[in-house]
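# Overview (structure and organization)
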Amino acid sequence: MAGEIPDLKALERTGTGKGAARQARRAGMVPGIVFGGEKEPLPIQIPFNVLLKRLKQGRFKSTLFNLQVEGQEDVRVICRDVQRDVVKDLPTHVDFMRLRRTTKVTLYIPVEFINEDEAPGLRRGGVLTVVRPEVELLVTAGDIPEKITVDLTGLKIGDIVHINDVTLPEGTKATIDRNFVIANISAPSGLQSQDNEAAEEAAADEGDED
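Note that the coordinates shown come from a computational prediction; the quantities given were computed from them, not determined experimentally.

So, about the sheet that holds strand 3 (residues 42-47). Pairing within the closed barrel is mixed, and its six strands lie in the order 1-3-2-6-5-4. Shown here is a sheet whose adjacent strand axes are inclined to one another by a mean of 45°, direction ignored. With seven bridges connecting them, strand 5 (residues 75-84) and strand 6 (residues 91-98) associate as antiparallel partners. In the sheet register, Gln83 faces strand 6, and the bridge partner there is His93. Contacting strand 1 (7-12), strand 2 (29-35), strand 3, strand 4 (64-69), strand 5 and strand 6, helix 2 (residues 48-57) runs over the sheet at an angle of about 80° to strand 3.

On the surface, a cluster of positive charge is made up of Lys18, Arg22, Arg25 and Arg26. Within the secondary structure layout, Lys18 lies in helix 1 (residues 18-26).

Looking now at the nonpolar core. Ranked by size, the top nonpolar core spans 28 residues in total, and within it Leu107, Val135 and Ile182 carry the most contacts. For this core, the secondary-structure elements that each account for two or more residues are strand 7 (104-114), strand 9 (134-140), strand 10 (148-151) and strand 13 (181-186). Taken together, domain 1 (7-99) and domain 2 (105-205) each give at least three residues to this core, which thus spans both. With residues near it in sequence (within four places) discarded, Leu107 still touches Ser62, Thr63, Leu64, Ile78, Val135, Glu136, Leu137, Val139 and Ile144. Ala10, Leu42, Ile44 and Leu51 belong to the second-largest nonpolar core, a separate cluster that totals 18 residues.

Definitions and limits used
Residues numbered from 1 in each chain as written. Predicted model: local features only at pLDDT ≥ 70, side-chain atom pairs only at ≥ 80, totals over all residues. Heavy atoms only, no water. Pairing = 2+ DSSP bridges. Helix = DSSP H or I, 4+ residues; strand = E, 2+ residues; numbered from the N terminus. Axes fitted to C-alpha atoms, helices over the stretch in contact; angles between N-to-C directions. Contact = heavy atoms within 4.5 Å. Patch = residues over 30% accessible without salt bridge, like charges linked within 9 Å, V, L, I, M, F, W, Y side chains within 5 Å. Areas by Shrake-Rupley, 256 points an atom, 1.4 Å probe, with all protein chains shown as cover. Salt bridge = Lys/Arg side-chain N within 4 Å of Asp/Glu carboxyl O. Lys, Arg positive; Asp, Glu negative; His and termini not counted. Charge placed at Lys NZ, Arg CZ, Asp CG, Glu CD. Core = buried A, V, L, I, M, F, W, Y, C linked by side-chain atoms within 4.5 Å. Buried < 20%, exposed > 50% of the residue type's maximum accessible area, 1.4 Å probe, protein only. Domains from an automatic or database assignment.

Written out as structure tokens, the structure is:
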């Protein structure tokens, strides 16, 4: 289970329609709706500054939230749409979908690298270059992994870690079909310079022989 599902606080919104939505916006709120889960849609409103901050953090539509509405049970939701002002590009309405525990959803899951001391390439001064600190996975809402783990044991300079090299948590699947790169171990800049100089010297020697 994911260690931290962020809370998102909202208020129940009285009334629906354009008039109620305009009233919410005048009060510094962004109107929204929560639907799905075999329950009636719930009109809500979220403080504008709170929502804007969340949006600026990125990946709002692929983050699972624990929605807290006073007088209602907490529910896990995922954003399905954010409507924006066409001129100012600021949020004017937000739609959330309730998730059952069996619902499949795509989320970004962080990558943890272990056993760096057991990687010969790193012991030689190589540099771990992380291409994807997070990987988008198809997961089950009731069983979201906290992280995926990459074991660096035995990796040498020049080795590359692909998604197919990683054992994903049971019930999860990468959303990208191709065998993409997660990280690699590159040579330290000093070693790269030495290798380049050696290559240049070898090329010069071959030139002299000609």
